[in-house]
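Summary of the model geometry
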Amino acid sequence: MTYFILYFFGIATIWWVYRVGWTEALKTILSVLIPSLLIILFNVKAGRLIFKNPMVGIISVLPTAIFIYRGTKPLVFGINSWIDRKRNEFVDSKEVVDAEVVSKEEA
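If you're wondering where the values come from, they're calculated on a predicted model, not measured in any experiment.

1. Let's talk about the overall build of the chain
A tally of regular secondary structure across the chain gives four helices and zero strands. If you list the helices and strands of the chain from N to C, you get α-α-α-α. Expressed as a percentage of its 107 residues, the buried residues of the chain come to 15%. Long-range pairs, those at least 24 residues apart, make up 69% of the contacts in the chain with a sequence separation of at least 6. By element, 70% of the accessible surface of the chain is carried by carbon and sulfur atoms, the whole surface being about 9,500 Å².

Encoded structure:
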């Protein structure tokens, strides 16, 4: 079952990259992955509290997820702006040659 889920997410990621381009897909994936990983890591560390009293754990998951999600917004924004800046520097670095079109009749 785990392999099916990984396979599904792999196919979905490839389709998303094909549809919107690799930079937009990378920014979207990072904006979902970074908060999710931090929420999971926080809940793993706070697991002792969850197992001592399940109600406290259930009630505390939503507020901590909201705080961690809002806390990672500046980090995600910084990474996305860095990706955009690198892409814009690459586009600006290409040399553009101006050319005039001359028809055969004028030549």
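2. A word on helix α2 (residues 22-45)
In this model, α2 (24 residues) spans 33 Å end to end at C-alpha, consistent with the 34 Å of a helix rising 1.5 Å per residue. For α2, the complete set of buried residues consists of T23, A25, K27, L30, I34, P35 and I39.

3. As for the environment of S81
Locating S81 in the fold gives a position in helix α4 (residues 54-93). The spacing of S81 and K27 is 54 residues in sequence and 9.3 Å in space, taken between C-alpha atoms.

4. Here we look at the pattern of salt bridges
All told, the structure shown has two salt bridges when counted by the stated rule. Of the charged contacts, one joins K27 and E24 as a salt bridge, the two residues approaching to 3.3 Å between their closest N and O atoms. A residue pair is termed a helical-turn pair when its members lie 3 or 4 positions apart in one helix, as K27 and E24 do in helix α2 at three residues. For K27, a relative accessible area of 12% puts it in the buried group. In this structure, K27 and D84 form a salt bridge, with 3.0 Å as the shortest nitrogen-oxygen distance. With a gap of 57 residues between them, K27 in helix α2 and D84 in helix α4 connect regions that are remote in the sequence. Exposure remark for D84: the relative accessible area of 22% places this residue in the partly exposed category. Each member of the salt-bridge network shares a partner with another, and the members are E24, K27 and D84.

5. Topic: the packing of aromatic side chains
Within the structure shown, the criterion is met by two aromatic pairs. Summarising the aromatic geometry, the rings of F8 and F9 are spaced 5.9 Å apart at their centres and angled 65° between planes, so their arrangement reads as edge-to-face. Seen in terms of ring centroids, W15 and W16 are 6.3 Å apart; in terms of plane orientation they differ by 50°. Their pairing is tilted. For W15, a relative accessible area of 48% puts it in the partly exposed group.

How each quantity is defined
- Residues numbered from 1 in each chain as written.
- Predicted model: local features only at pLDDT ≥ 70, side-chain atom pairs only at ≥ 80, totals over all residues.
- Heavy atoms only, no water.
- Helix = DSSP H or I, 4+ residues; strand = E, 2+ residues; numbered from the N terminus.
- Buried < 20%, exposed > 50% of the residue type's maximum accessible area, 1.4 Å probe, protein only.
- Contact = heavy atoms within 4.5 Å.
- Areas by Shrake-Rupley, 256 points an atom, 1.4 Å probe, with all protein chains shown as cover.
- Expected span 1.5 Å × (residues − 1).
- Salt bridge = Lys/Arg side-chain N within 4 Å of Asp/Glu carboxyl O.
- Phe/Tyr/Trp six-rings, centres within 6.5 Å; stacked < 30°, edge-to-face > 60°.

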